[in-house]
Structures are given as structure tokens and as C-alpha cells.
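# Survey of secondary and tertiary structure
Each chain is listed here by its residues.
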Amino acid sequence: MDSNSLAMPMSDPNAWATAMNNLGMAPMSMTGQPIMSDFDPSLGMMTGIAPMNPMMPGLGIVPPPVSQDMPIVKEIIHCKSCTLFPPNPNLPPPATRDRPPGCKTVFVGGLPENATEQLIVEVFEQCGSIIAIRKSKKNFCHIRFAEEHTVDKALFLSGYRIRLGSSTDKKDTGRLHVDFAQARDDLYEWECRQRMLAREERHRRRIEEDRLRPPSPPPIVHFSEHECSQLGEKLKDDSKFAEAVRVLLTWVERGEGNRRNANNIYSMIQSSNSHIRRLMNEKAAHEKEMEEAKEKFKNALAGILVQFEQIVSVFHAASKQKAWDHFSKAQRKNLDMWRKQAEEIRNIHNEELMGIRREEEMEMSDDDMEDAPEIKDSDDSGPLAQVEALKEENDSLRCQLDAYRNEVELLKQEQGKAQPQRSEEDATRQQQLSFLQQALQGMQKVRTHSQHTVRQKIIFLRSAFCFEAAASAVVSCSQEKESLPEKGPPGPVKSEREALLVGIISTFLHVHPFGASIEYICSYLQRLDTKISTTEVETLLGRLPCTFKQELTGVGASLEKRWKFCGFEGIKTA
């Protein structure tokens, strides 16, 4: 571009500033001072293009793609041989066809009649590298670029009015129309590129499938005399037995045996059968190791519980007044916290040990059930029939429970009205007999239905109600005893609380036919009342020899004292 065309009279600085601003340059005066303090380079003529020297011929005319939010401002473009005037911004954008895949060719129409190929190159080469130009005699041409993105830059010139030099002749002017063009070369290159991408994708997928595919098993050799002799030796080796059996199985499934080699295959099958004894011995050895490990763990856990009991005893001794008064307030707080923590840990380990023992008892019970096949459910008609039977039994037990409740209420009313005229000894004996009758009735029902969980819960409810009736009887008898003028010797059950304890312990021991240790019993009772002590329970059980008895079970280190319920036998001798 000629530099004279840009010369402006310095008497009008605003015109000079506007011209420099349109070129994307900061407006500067002749002295080097900025003319416009609020200059914004993004508002220049070449939006998005770096500022250029206005004296340099051939300005960059096409900006890179801009966002849709920013309006595209088209300005006048000056070239060496022509000038491009922008279209009216109020007009709609020129229409274009759908973009063909891989399009690198554009159609340019509306060229001046005097336009030459050199002029076309001068205008469109600034968009990108041009590969070929096919010009027609009817004022249009096809331009093929080297890259696809340059087509978008060429479409930017669509709608511009071109004028050659300063001539206004009709042959030297025209309105450009740039649009996508379909070219076989572009389509061929795009298809080649798509096939290449598809091949690469298939290759990557195949590599991934090969990586994830499990390894194939080694091939199995066919039967021969040599392989048969080697396989016979492998079958006798414990380390190679699994592989050899797989080969033998394949031979048999293939049907490679015949009359001639049937004896060899039979001998190999016989060798395989001999390994059953080895496998059973290995299983027995592992079971023995497991039992020894269980026994070792149980003994170690029992020793740990003993130490926990000793630690808890130390804390209880320290909490007594003769030692407690000597500690400070902070020390007492720590001792109390440590005692609670030790008791919680002791109870957790005790529950774990009791769980192990319950599992052992259940295994023993299962063995007894297997040894006694006559003890089984008589209803074999299926689960549905069992459910119906349980529902009927539940309804029957509910009716019996209501009947027991009514009898207890009547008994309370009669005892409140009538004043018995019997001695203290008769009252005590009657109290014991009534309690045992109530407890034994509940135990009989528990023993009958203890094989099923639903039945057991129902029996527990009925037994608990029976204990309530027994307790009420004990209370009434104690009131009669207080009303009598003379007092006799005390009986084995001294209070209502002890009577309830006897009933609960009886129920607990009846569902443990092999007995339970005093620690196990106390751990169960302490869930109901934390004030219950081991000494109190053991003393109460010792006062009732006809109801409870103590036996020694186990051998050696596993020797243990267990309490059992013997009320069914003791009722005959009491």
C-alpha cells in the first residue's frame, strides 16, 4: 500500500488518532505522546490481529476465528492492486451450503472481468497456503487450500465489494461470493484419513483385548506309549498330580482309549484313586491344626479373662472406703474411668468366649440330633405346612398365656381376702412348692419347643409370666408370714428377688442342657441388673441342691465347673 494514501494533516489530530486506531495501533503524536488515553487495541479494524506497521504493504486481512458473543466488524481492506469494501452490516450474512467433509476448496464468484490469477492470489493468499486455482472465463474460480481451517478465513471475505485500483469501470468492480465447494480430491483425502483413524482404533482395541484376554491353557498332548509311561510317573508325584490328572481327563474325554491300551488307562485311574487317601489325610491334618488353634485361642482368651478379672478386682478394692479416702479428687476420677473401661473390655471378651462355647455346644447338639434320628419334626409336608403349624401353636400358647394371667389375678384376689391359718413351716413349704410348680411348667414347655426360635421366644414369654405369678405368690406368702405372731426358721429362698433369680436361672440353664459356668450365668444376669454379683448367685444355687447341681467337665487344662438344672429329677426326692 502506498504510504501517501495514509498521510493525514497534523492539524486534525482526531482524524489521525482514528486512522491509527482502525489499524490496531496505539495513537501516538509526532512527539511520541499518546493521543487517546483510553485506547483499546481490540476495537481496531483488524479485530484479533496483532498490530502492524501501516507502512508495510499487504496488511493481514483475515482475523482468526472469534467467539460468537463478539460482533464481527468488517473494515476496508487495502491491497496492492485492489481495494475491498465491506458489505452493509445491516444486511443478513451471505448464504452458504452445507460444509462437505474434509473441505479444503472454496468457490469464489463475483470477480471483476479484468481480474487475473495474480490478483486472486494476492487477495486470498493471506488466508493460507494455496495449492491450486482453477479460474473460469465467467468471473468465478475454485481455490484449493492446503489446510481445512483456512477455508473459514476465506469465507470471511464473502460479501466484500472489490475494486481494481481507483477505477470505477464496471469491468474493474465486482461483489465477491465465497462458498464451500465439493471436490473429489478433498473427499478422497478425508476418506483416507478416516480409514487410517479406523485402522488405528481397531489396532488399539485389539491390543486392549489381547491384554485383557486370559492366557490359554497349555495344549494337551495326544495319547502315546511314551506319554502314557511319563503320565503314570507324574500321577505318583504329589507335586505334579494336578497337571497329570488334567491330561488323563482329556484323554478319557477324547476317547483315546481302546482295547489295546485299556489296561494302561485303568492303571492310571487306579493311581488317581489312591490319592484319595492322601487327600483325606491332608484334610484331617488341617482340621486337627484348626482345632488345636481354636483350643489354643480359647485357652489364651480364658487366661486373658482371668487377668481382666484380677484387674477389675484391683479397681473394686481401690474403690472401697479404706483405700478410696486416701486418693485425691483427680485420682478418684481416673480410677473410676479406668474401672469402667476395664469392665467394658472384660465383658466384651467374656461375650466372645461365651460365643465360642455356645458354638461348641450347638455343634454337640447337632451331633446328638444326627445320632438320634427319631427326634425330628413330624411334619414333612414342606415349609408351608411348618409355617401353618407354628401359627396354630402360637395362637394356642397365646390363649394359655391369657388363662395363666387370669388365674394369677384370681389368686391375688383370693389371697387378699382370705387369712390363712397355717404355721410358718407350712407357709414356707407351700411357697417353695408353688414356685417349683410354676417354674417346672414353664421349663416343660421350653424343653418341648426349644428346637425352633419362634417357639423358644413364646415359651420365654410364658415362663416369665409364670415367674411373675410365682413372685406374686411369694409376696403374698411373705405378707402372711409378717402377719403371723411367731417366726420359724428361714427357707432356701429368702426373698422375692431370689425367687425371680431362681426362675430366670432355671430358664437359662434349661436351654443349655450341658450346663454353664457361674461366670456365664452372671454375665447373662448382669444384663438385667448390674448389681448382681457372682458370690450371691453361687450362694443361691448352693442352697437349692434339688434344683441345681454342679459338675466338672473337661480334662486337664480345659477342666471347668458347670451348673446344671436338675429340677425334673429333684421334684421326686424333695
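Residues numbered from 1 in each chain as written. Predicted model: local features only at pLDDT ≥ 70, side-chain atom pairs only at ≥ 80, totals over all residues. Heavy atoms only, no water.

### Notes on the overall build of the chain
Cut-off, in case you're wondering: The helix count covers DSSP runs of H or I at least four residues long, the strand count covers runs of E at least two residues long, and both are numbered beginning at the N terminus. Think of it in three bands: residues with accessible area under 20% of the maximum for their type are buried, residues over 50% are exposed, and the middle band is partly exposed, with areas taken using a 1.4 Å probe on protein chains only. Should any heavy atoms of two residues lie within 4.5 Å, those residues are counted as being in contact. Throughout, the Shrake-Rupley method with a 1.4 Å probe supplies accessible areas, and for residues the shown protein chains are the sole cover considered.
Secondary structure summary: the chain contains 16 helices and ten strands in total. Each of the 574 residues in the chain was classed as buried or not, and the buried ones make up 31%. For the chain, long-range pairs separated by at least 24 residues make up 63% of all intrachain contacts whose partners lie at least 6 apart in sequence. As displayed, the chain has an accessible area near 37,700 Å², and 55% of this comes from carbon and sulfur atoms.

### Things to note about the UniProt feature "coiled-coil region" (unreviewed entry) in the chain
Where we set the bar: UniProt positions are given in the numbering used here, feature names are shortened, and annotations may be inferred rather than shown by experiment.
Mapped onto this structure's residue numbering, the UniProt feature "coiled-coil region" (unreviewed entry) falls at residues 269-303 and 387-414. Secondary structure within residues 269-303 divides into 100% helix and 0% strand; the distance between the first and last C-alpha atoms comes to 52 Å.

### Regarding unusual backbone geometry
We note that Asn139 has phi near 60 degrees; this positive angle belongs to a residue other than glycine. Its location among the elements puts Asn139 in the loop between β4 (130-135) and β5 (140-145).

### Points about the confidence of the model for the chain
For clarity, the threshold we go by: Along the chain, pLDDT gives the predictor's confidence residue by residue, from 0 to 100.
Here the chain averages 75 in pLDDT, and 65% of its residues register 70 or above. In this model, residues 374-381 is a region of pLDDT below 50 whose contacts with residues beyond four sequence positions or in other chains number five contacts. Across residues 473-489, confidence stays below pLDDT 50; counting only partners more than four residues off in sequence or on other chains, it has 16 contacts.

### Considering the packing of helix α14 (residues 518-525) against helix α15 (residues 534-542)
For clarity, the cut-off: As a rule, the C-alpha atoms of each element are fitted with a line to give its axis, helices using only the stretch in contact, and angles between N-to-C directions run from 0 to 180 degrees. Angles are sorted into four bins: roughly parallel if under 35 degrees, roughly antiparallel if over 145, roughly perpendicular if 65 to 115, and oblique for all others. Whether a crossing is left-handed or right-handed is set by the direction in which the near helix is turned from the far one by less than a right angle, anticlockwise for left-handed and clockwise for right-handed. Here the term charged refers only to Asp, Glu, Lys and Arg, the term nonpolar to Ala, Val, Leu, Ile, Met, Phe, Trp, Tyr, Cys and Pro, and the term polar to all other amino acids, Gly among them.
The contact between α14 and α15 brings their axes to 10 Å, and the two run at 115 degrees. The angle between the axes of α14 and α15 places the two elements in the roughly perpendicular class. By crossing handedness, the relation of α14 to α15 is classed as right-handed. Residues Ile518, Ile521, Cys522 and Leu525 of α14 form the contact with α15, whose own contacting residues are Thr534, Val537, Glu538 and Leu541. Looking at the contact of α14 with α15 residue by residue, the class counts come to six nonpolar, one polar and one charged.

### Looking at a positive patch on the surface
Stated precisely, the cut-off is as follows: Note on patches: the residues involved have over 30% relative accessible area and no salt bridge, like charges join within 9 Å, and the nonpolar side chains Val, Leu, Ile, Met, Phe, Trp and Tyr join within 5 Å. Salt bridges are defined by distance alone: a side-chain nitrogen of Lys or Arg within 4 Å of a carboxyl oxygen of Asp or Glu. His residues and chain termini do not enter the charge count, which takes Lys and Arg as positive and Asp and Glu as negative. To locate a charge, take atom NZ for lysine, CZ for arginine, CG for aspartate or CD for glutamate.
A cluster of basic residues, Arg195, Arg199, Arg202 and Arg206, forms a positive patch on the protein surface. Note that Arg206 resides in helix α4 (residues 184-212).

### Re the sheet that holds strand β6 (residues 161-164)
Basically, it comes down to this: DSSP bridges decide pairing: two strands pair if at least two such bridges lie between them.
The strand order across the open sheet formed by four strands is β1-β2-β6-β7, and the pairing between neighbours is antiparallel. Edge positions in the sheet fall to β1 (77-78) and β7 (173-175), since each of these pairs with one other strand and no more. Alignment of β6 against β7, held across three bridges, turns out to be antiparallel. Along β7, the bridge assignment pairs Ile162 with Gly174.

### A word on the sheet that holds strand β8 (residues 177-180)
Sheet architecture is open: four strands sit in the order β4-β5-β3-β8, paired in antiparallel fashion. Strands at the two margins of the open sheet, each flanked by one partner only, are β4 and β8. Averaged over all neighbouring strand pairs, the angle between strand axes comes to 20 degrees, with direction disregarded. As paired strands, β4 and β5 are joined by five bridges and run antiparallel to one another.

### Concerning the environment of Leu525
Topologically, Leu525 is positioned in helix α14. A residue is classified by how much of its surface remains accessible, and Leu525, at 1% relative accessible area, is buried. Between the C-alpha atoms of Leu525 and Ile505, which are 20 residues apart in sequence, the distance is 8.3 Å. When near neighbours in sequence (up to four residues on either side) are disregarded, Leu525 contacts Leu501, Ile504, Ile505, Ile532 and Val537.

### Digging into the nonpolar core
Note the following rule: Side-chain atoms within 4.5 Å link the members of a nonpolar core, which is a set of buried Ala, Val, Leu, Ile, Met, Phe, Trp, Tyr and Cys residues.
By size, the foremost hydrophobic cluster in this structure holds 29 residues, and its most contacted members are Val108, Phe124, Ile143 and Leu157. At the level of secondary structure, the elements contributing two or more residues to this core comprise β2 (82-85), β3 (105-109), α2 (117-124), β5, α3 (149-155), β6 and β8. Per element, the largest residue contribution to this core is four residues, and it comes from α2. One finds Leu301, Met354, Ile356 and Leu509 within the second-largest nonpolar core, a separate group that totals 27 residues.

### Looking at the state of the cysteines
Two cysteines, two sulfur atoms, one covalent bond between them: this is a disulfide. Our working rule: What counts as a disulfide here is a pair of cysteine sulfur atoms lying within 2.5 Å.
All told, the structure shown has zero disulfides when counted by the stated rule. Here Cys82 is not disulfide-linked; the sulfur of Cys79 is the nearest cysteine sulfur, at 4.3 Å. Here Cys82 falls in the buried class, since its relative accessible area comes to 1%.

### Description of the pattern of salt bridges
Using the criterion set out here, one finds 26 salt bridges in the structure. Between Glu343 and Arg339 there is a salt bridge whose closest N-O contact spans 3.3 Å. Of the two residues, Glu343 and Arg339 are both situated in helix α9 (residues 329-371); the distance of four residues between them amounts to about one turn of the helix. Classification of Glu343 as buried rests on a relative accessible area of 18%. On the basis of relative accessible area, Arg339 is assigned to the buried category, the value being 19%. A salt bridge links Lys549 to Glu551, with the shortest nitrogen-to-oxygen separation between them at 3.4 Å. Given the relative accessible area of 38%, Lys549 is considered partly exposed.

### So, the packing of helix α13 (residues 496-510) against α15
Two numbers describe how α13 lies on α15: the axes approach to 11 Å, and their chain directions differ by 80 degrees. Looking at the two axes, α13 sits roughly perpendicular to α15. Note on element contacts: α15 touches α13 through Glu536, Val537, Leu540 and Leu541, opposite Arg497, Glu498, Leu501, Val502 and Ile505. The residue inventory of the contact of α13 with α15, partitioned by class, reads six nonpolar, no polar and three charged.

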